[in-house]
Amino acid sequence: MSEGFQRVLTEYQGEVADAIIAVLRGVEVSDALPAICSLLAATINTHAPTHAEAYAVAEGFGDQLLDLVELGQADQLRMAR
């Protein structure tokens, strides 16, 4: 990866992301973002044993999303493939 860019996914996570991107290729952003958000919420709800834990995980992902957006806006993040 070029200098100035940060790796935020493991190799396997990158493969999962590539598979999701392949499915979403050509999909309007107005359709893709709600679908991704719903998938994330369903995954959290399936794996968090309590409402409080689900909320804490969701809140953490919100913070992580904001951090990633900031990196992207600063041109420090890009798609690996």
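Before any of the text, the structure's been laid out above.
Note on numbering: residues in each chain are counted from 1, in written sequence order. In keeping with the model being predicted, local features are shown solely for residues with a pLDDT of at least 70 and side-chain atom pairs are shown and tallied solely at 80 or more, while totals for entire chains, interfaces and linings include all residues. Side-chain calculation: all heavy atoms of the structure are included, whereas hydrogens and water are not.

Draft legend 1. Fine view of the overall build of the protein. Each helix is a run of DSSP H or I of at least 4 residues and each strand a run of E of at least 2, with the numbering of both proceeding from the N terminus. A count of helical and extended segments in the protein gives three helices and zero strands. Secondary structure elements of the protein occur, N-terminal to C-terminal, as α-α-α. If you line up the protein on its principal axes, its C-alpha atoms span 40 × 25 × 25 Å. Only protein chains enter the accessibility calculation, which uses a 1.4 Å probe; a residue is then buried when its area is under 20% of its type maximum, exposed when over 50%, and partly exposed in between. Taken across its 81 residues, the protein has 7% of its residues classed as buried. Lys and Arg are tallied as positive, Asp and Glu as negative. Neither His nor the chain termini are counted. In plain terms, the charge of a residue is placed at NZ if it is Lys, CZ if Arg, CG if Asp and CD if Glu. Of the side-chain charges in the protein, 4 are positive and 12 negative, and the distance between the mean point of each set is 13 Å.

Draft legend 2. Layout of the packing of helix α2 (residues 29–47) against helix α3 (residues 51–73). Note on geometry: axes are lines fitted to C-alpha atoms, helical ones only across the stretch in contact, with angles between N-to-C directions running from 0 to 180 degrees. Where α2 meets α3, the axes come as close as 9 Å, and the angle between the chain directions of the two elements is 145°. Crossing of α2 over α3 shows right-handed handedness. Contacts from Leu 40, Ile 44 and Asn 45 of α2 reach α3 at Ala 54, Val 57, Ala 58 and Phe 61. Polar here means any residue other than Ala, Val, Leu, Ile, Met, Phe, Trp, Tyr, Cys and Pro, which are nonpolar, and Asp, Glu, Lys and Arg, which are charged; Gly is therefore polar. Class assignment for the residues of the contact of α2 with α3 results in six nonpolar, one polar and no charged. Each crossing is labelled by how the near helix is turned from the far one, with a counterclockwise turn of less than a right angle marking it left-handed and a clockwise turn marking it right-handed. By the convention used here, residues are in contact when the closest approach between their heavy atoms is within 4.5 Å.

Draft legend 3. Spotlight on unusual backbone geometry. With a phi angle near 55°, Asp 75 is a residue other than glycine that sits in the positive phi range. Judged by its relative accessible area of 61%, Asp 75 falls in the exposed class.

Draft legend 4. Representation of α3. Taking 1.5 Å of rise per residue, 23 residues should cover 33 Å, and α3 covers 33 Å from first to last C-alpha, within 8% of that figure. Where α3 terminates, the next one or two residues include Asp 75, which has phi positive at roughly 55°. Working rule for helices: expected span equals 1.5 Å times residues minus one.

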